[in-house]
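Below, each chain spelled out in residue letters.
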Amino acid sequence: MRDDLKVGVFLCECGGNISDIIDLDKVREELDVDFIGQFENLCSLNGRKIIRDAIFDHDLDRVVVAACSPISHEKTFQDYVKPLNPYLMDMANIREQCSWVHDDHDLATQKALTLINASIEKVKQSDAVDPIYCQTPEEVAVIGGGIAGMNAALSLAKQGTKVTLIEQSPSIGGHMAKIGKVFSPVKIAEECGMCLLNPILNELVWNENIEVLTNTKVIEAERRAGTYNLILEKSPRYVDTERCIACGKCAEACEVEVPNDWNDNLSMRKAIYRPFGQSYPEAYVIDMDNCTKCSNCVKACTMKAIKLRGRAERIPLQVGSVVVATGHKLFDMEKRPEYGYTRYDDVITQSELGRITGVNGPTKGKLLKSNGEVPKRVVMIQCVGSRDEKPDGHRYCSKICCTVALKNANIIKHKYPDTDVLICYTDVRTPGMFEKYYKHTQENEVRFLRGRPGEVVRKGDNFIVRTEDTLKGEFVEIEADMVVLSTAMEPSEGTKEIAEILNVGITEDGFIKESHPKIKPVATDVQGIFVCGTAHEPKDITDSIMQATAAAAKVNEYNYGGVEIEPFIAEIDTEKCIVCGDCINRCKYKSMSIQNDQIYIDPMSCTGCGKCLVGCKQRAITVNGNIDEKILSTIKGVLSKKRPGQRMILVFLDNIGYTAADNIGVNRLSYPESIHIIKVISVNRVTPKHIHYALDNGADGVFIGEFPGDLMYDEVERKIQRVKDRIVEMGQNPDRITFSKVYIPYFSGLARKFTEFDAEISQLDGK
Amino acid sequence: MTTQKISDSPIDFAEKIIRDVKNSKEDGVLKCVQCGMCTSTCPAARHSDYNPRDIIERVLEGDETIIEDDCIWNCFYCYTCHSVCPVGNSVCEVNQILKQIAIESGIGYDKLYEYMGFADSYFTAAIGAIPERFFADIDRDVPGWWDFRQNLDEIRKELDLDPPLMPSREVIDEVSTILTITGFKDKIERIRQSEEDENEERTD
């Protein structure tokens, strides 16, 4: 029946780009179809009229447009074939993959004819399908209430989006609240961090589009057609935030004293406490791990705000997108005992130094050693846990530690000009404007020594820092009475947990991985999940805010644009399906789940690779669009034009490989005419059956290319090896099949591989 | 001033070291950023002019004269540099490779000569033992060491420990045979001979 379909072919001259090489008259002569049209620029509006009129006048059922690459103009011609369904049109790429890569007129013309014939056979197998439109809910969850999460939430809210800001600790504010002073490279000065943070915090608290949930964590997440169903767990605060007026009488009455974690444990707090002066919500909280339930606070509270009993509450939250801003933590100094952090009180971290020099810190801003004296010499050690391949170390540079050390050194020098500050560094990394601040620091008489200390030991009242002054080539022992370690930034526990719960990719270092490090820096592997701040990688406040607002913009793009999806995805026949769950485990893209006792396939994550098909014993899964038959017919279409003695190599590429192949033409490189490229939705859809058929019916070689970044890469590579093993058993030469990595930028390499493979095949035939 | 000619290829020396069978750190040498952490923990650097960072600097510069430098013989393989290096390099291994190159070039026999007692002990006891010629130095550096060594049997008895387990005669014979067949014996004799010849020349 499909053979009775009326097919029209439209040939584009492309202003000579095609017709100068390919003899279109000859092509027309050889084609046997119901209609042939030709025009100098089919993509123009005149072209549309030619195509549309022919469809009406000749009752065409299918259309082949022989022109440029579908990458350039598929959308255009899908529109031009209306009222035909857009998927009943196929493009034969006779420009990028023919006239631009070959210069022999006869051979190019023959190849064009072959490609057009393949498209005709393919399009006969096409069915009318509709693209899938997905509109996602507009509500957004921002996870993490530090400077990045706060800015992302505020930006979204100001653009009219409803946001839930989820913070696991009792207050929003994050690391920036405790940092003390901040500096900007342009203003050569340090300023109060809290004074910059507070207006943002206030604005956020008063914004009606934002709901802040503190003491709250995401514990479950499930995704369905662009909607995230989150389950949150809100731990009890034991203090009613509506009633509490933060008068502090409860804390006065409390007799339990514990180290104050907000002050890096350098001071004490009560079991009922307020994290810091400007914390939000403006209410006290009980640390139940340390509370003795003596009820003194309950009696002291005039507002009757305290209840010593409480239970964690589970809250369901439905959102369309998620911004991950779960931040970082600092390197655990127990892993580097050589620096004596756990043994000596006056070996501290930069974070602790920030608390000590902060006016709201344990010493009210005075730089004091544990014995209450001002240090005479502070030695700072850089790269502790960063740029370190030793066990538990991080290979990356934590990016902010150089400038943090400069800032804290300057703060010390401003207040205590007599205290000697020496920074032991490997490289001082102050790119861009930060270099000015480095020079400013040198002017402040902060000293620098190029060398990475090996150990800190106690000698009498002082420490000895052992290092080499590498510029002098001399081993030195430096006496110091305070040592400050610039510890690495690493992903917080919350970052690791949320990555697992949301199933987003992480880097080898455990940070949330962006979907492309160069051009998609805030999207993640999973559609609808975005990342910002130090959950993504080490960065400073400015970069965190920029990425946060970028994430907000991307969320809105996603909210307003909706998502159009090619319909070639898996579908379940619920009559046959026994919900065994095999497909769920097979799917590399995690697009399958069980919903209401049925297998549900998320159209936004399914790529149509067909891996699920193979394992389904019930044969209950199909992939829309007749893919198998289309591939087979394309192969037949190519091979049926083979002439005696002609070498024919079939190349299977998905979108990425096909783009690389187009680039060969765009850059006017060349490869042999034997190469015939077949575009497939996923390389995994090329089955052993297809390959065997091709080799049995005249193909001299089969070349399969796959982008190594594709989740199916390893799978496809193994499959091709199995096919090779199998064809040996069938008495054919496995060298006729090759599997190769393809990369979009590396088109010249692909051209070379085509040429080499053609030569190898020609040698096989020569023997 | 030195001139780097276009035909110079300083990296060749480092590559030769990387390819050596003794190198377990792949390209570690090339990743050195001269941070000096090795030197800051190196006992030899604290007590002599040996500088592990400088060893790598010279290797990366392609300075092959380093094999003639006496300082390379000051490393005693404590492997501290190996374990602290932030880029996963091992100066200790590089040093061993340099010494091997030196020996193959006929350099350093005099340094090895001092350890001949160590080599001999494999033939007499099938284990490496500290040559007697170092006893006085050790006793000076580690107070009480000589007493400890003299009374080791009694100390062990007091601690309820068995006497140290020493290889049997059969084992010693077997080890000696292996060392003879594999050319170790010839090698130490060659070293001894060359040093004794030189001593004669000196006395002449």
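Read on for an overview of the structure. (Residues numbered from 1 in each chain as written. Chains lettered and ligands numbered in written order. Predicted model: local features only at pLDDT ≥ 70, side-chain atom pairs only at ≥ 80, totals over all residues. Heavy atoms only, no water.)

Some words on the sheet that holds strand β1 (residues 7–12) of chain A
Residues and elements named next belong to chain A.
In step 1: Read across the sheet, four strands follow the order β2-β1-β3-β4 without closing on themselves; strand pairing throughout is parallel. The sheet is open, and its two edges are formed by β2 (35–39) and β4 (89–93), each paired on a single side. Adjacent strand axes in the sheet meet at a mean angle of 20° when their direction is disregarded.
In step 2: The sheet contact formed by β1 and β2 spans five bridges and is parallel. (Pairing = 2+ DSSP bridges. Helix = DSSP H or I, 4+ residues; strand = E, 2+ residues; numbered from the N terminus. Axes fitted to C-alpha atoms, helices over the stretch in contact; angles between N-to-C directions.)

Focus: the packing of aromatic side chains
Residues and elements named next belong to chain A.
In step 1: Applying the stated criterion across every chain yields a total of 22 aromatic pairs over all chains.
In step 2: Aromatic pair Phe530 and Tyr558: ring centres 6.1 Å apart, planes at 75°, arrangement edge-to-face. Taken together, the residues span a long stretch of sequence, with Phe530 in strand β31 (residues 529–531) and Tyr558 in helix α15 (residues 541–561) at a distance of 28 residues.
In step 3: The exposure class assigned to Phe530 is buried, which follows from its relative accessible area of 6%.
In step 4: By relative accessible area, Tyr558 is classed as buried at 9%.
In step 5: Look at Tyr713 and Phe739: their rings are 5.4 Å apart centre to centre, the planes differ by 45°, and that puts the pair in the tilted class. One end of the pair, Tyr713, is in helix α21 (residues 713–729); the other, Phe739, is in strand β40 (residues 737–741), with 26 residues separating them in the sequence.
In step 6: By relative accessible area, which is 19% here, Phe739 ends up buried.
In step 7: Counting every residue linked through ring pairs, the aromatic cluster contains Tyr671, Phe703, Phe754 and Phe757.
In step 8: Directly above the aromatic system of Phe463 lies the positively charged group of Arg458, at a separation of 4.7 Å from the ring centroid.
In step 9: The cationic tip of Lys679 hangs over the ring face of Tyr658; the distance from NZ or CZ to the ring centre is 5.7 Å. (Phe/Tyr/Trp six-rings, centres within 6.5 Å; stacked < 30°, edge-to-face > 60°. Buried < 20%, exposed > 50% of the residue type's maximum accessible area, 1.4 Å probe, protein only. Lys NZ or Arg CZ within 6 Å of the ring centre and 35° of its normal.)

Quick word on the packing of helix α11 (residues 350–357) of chain A against helix α12 (residues 401–415) of chain A
All names here are of chain A.
In step 1: Closest axis-to-axis distance for the α11/α12 pair is 11 Å, and the angle between their directions is 30°. Looking at the two axes, α11 sits roughly parallel to α12. Viewed along their axes, α11 and α12 form a crossing whose handedness is left-handed. The segment α11 lies against α12, with Gln350, Leu353, Gly354 and Thr357 engaging Val404, Ala405, Asn408, Ile411, Ile412 and Lys415.
In step 2: Across the contact of α11 with α12, the residue classes break down as five nonpolar, four polar and one charged. (Parallel < 35°, antiparallel > 145°, perpendicular 65-115°, else oblique. Left-handed = near helix turned anticlockwise from the far one by under 90°. Contact = heavy atoms within 4.5 Å. Nonpolar A, V, L, I, M, F, W, Y, C, P; charged D, E, K, R; others polar.)

Distances and angles like these do not, on their own, reveal function.
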